[in-house]
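As a plain string of letters, each chain reads:
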Amino acid sequence: SRPNKIWRGDSISSLIDGPKHVLSNRLIAGEITACYGEPKSGKTFIAINCAIAAALDLQFWGEKFNLGGAPVIYFAAERYGQVAQRITAACRRLGLSSIPPNIVLVDGRSPDGVSSEDRQKNIENLIAFINPSLVIFDTYARMIDNNEDSAGDATRNIEAFERFVIASSIPCAGILVHHSGKTTSRKMRGSSAILAAVTTAWKVVGEDGT
């Protein structure tokens, strides 16, 4: 019979398949990062600037995107007109006369949330068609149709978002924009399973400290 494979000492480390970073030290391909904070704290502003940096091969948070210049999809599930205005303004601040065509804004509203198989397939097909390196979901509460306080629903929701980003043919990461809770701790709103399911979390703090 064929002998079992064995590894000894440091050779064991050779089996580790390290993560592929879309944004070095910040965003991991196939994973979801939560960007959360109080209303008016700047969550959408950060998400938009991250999207533009990815699309235009610019630095973001002191790092460069490994696939800079690749398409970006922004699902705006609330106030998508406001998101459009902010994207336009951000591009103008950079001296651009037009919005780059590899920035794709999608109306993310749907009564089906992400728990419907048809809705999931539609999102996966769109991502497979565009093949982005970054997908932003804004906001979590408006993109789901189940209970954000349920641990089971939260886990299934994040798993769905992860399936969406791996539908891209290139390494792709996801950013999930979410709100803080109403308690004094200002932790992420909803079930703690959300925080456990995402890879990393960016807490956005406004100028007034909220």
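Just so we're clear, the structure is a prediction, and the values are computed from it rather than from any experiment. (Residues numbered from 1 in each chain as written. Predicted model: local features only at pLDDT ≥ 70, side-chain atom pairs only at ≥ 80, totals over all residues. Heavy atoms only, no water.)

For the rest of this paragraph, the subject is the packing of helix α1 (residues 43–56) against helix α2 (residues 80–93). The contact between α1 and α2 brings their axes to 10 Å, and the two run at 55°. As summarised for this structure, α1 and α2 are arranged oblique, according to the angle between their axes. Viewed along their axes, α1 and α2 form a crossing whose handedness is right-handed. Of the residues in α2, those touching α1 at T44, F45, I48, N49 and I52 are V83, R86, I87, A90, C91 and R93. For the contact of α1 with α2, a count of residues per class yields seven nonpolar, two polar and two charged. (Axes fitted to C-alpha atoms, helices over the stretch in contact; angles between N-to-C directions. Helix = DSSP H or I, 4+ residues; strand = E, 2+ residues; numbered from the N terminus. Parallel < 35°, antiparallel > 145°, perpendicular 65-115°, else oblique. Left-handed = near helix turned anticlockwise from the far one by under 90°. Contact = heavy atoms within 4.5 Å. Nonpolar A, V, L, I, M, F, W, Y, C, P; charged D, E, K, R; others polar.)

As a further point, take the sheet that holds strand β3 (residues 32–37). Taken in spatial order, the six strands make up an open sheet running β7-β6-β8-β9-β3-β10, and their pairing is parallel. The sheet terminates laterally at β7 (103–107) and β10 (200–204), the two strands that pair on one side only. Geometrically, the sheet is characterised by an average inter-axis angle of 20° between neighbouring strands, direction not taken into account. Where strand β6 (residues 72–76) and strand β8 (residues 134–138) come together, five bridges link them in parallel fashion. Considered in β8, the bridge of A76 is made with D138. (Pairing = 2+ DSSP bridges.)

Let's shift gears to the packing of aromatic side chains. Each pair of aromatic rings is reported with the distance of its centres and the angle of its planes. Overall, the coordinates contain seven aromatic pairs when judged by the stated rule. Their ring planes at 45° and their centres at 6.1 Å tell us that F137 and F164 sit as a pair that is tilted. Residue F137 is located in strand β8, and its partner F164 is located in helix α5 (residues 151–165); the two are separated by 27 residues in the primary sequence. You'll find F137 and F164 in the same group, each marked buried. Linked through ring pairs, F75, F137, Y140, F161 and F164 together constitute an aromatic cluster. Here R26 stacks its cationic end above the ring of W61, 4.3 Å away from the centre of that ring. (Phe/Tyr/Trp six-rings, centres within 6.5 Å; stacked < 30°, edge-to-face > 60°. Buried < 20%, exposed > 50% of the residue type's maximum accessible area, 1.4 Å probe, protein only. Lys NZ or Arg CZ within 6 Å of the ring centre and 35° of its normal.)

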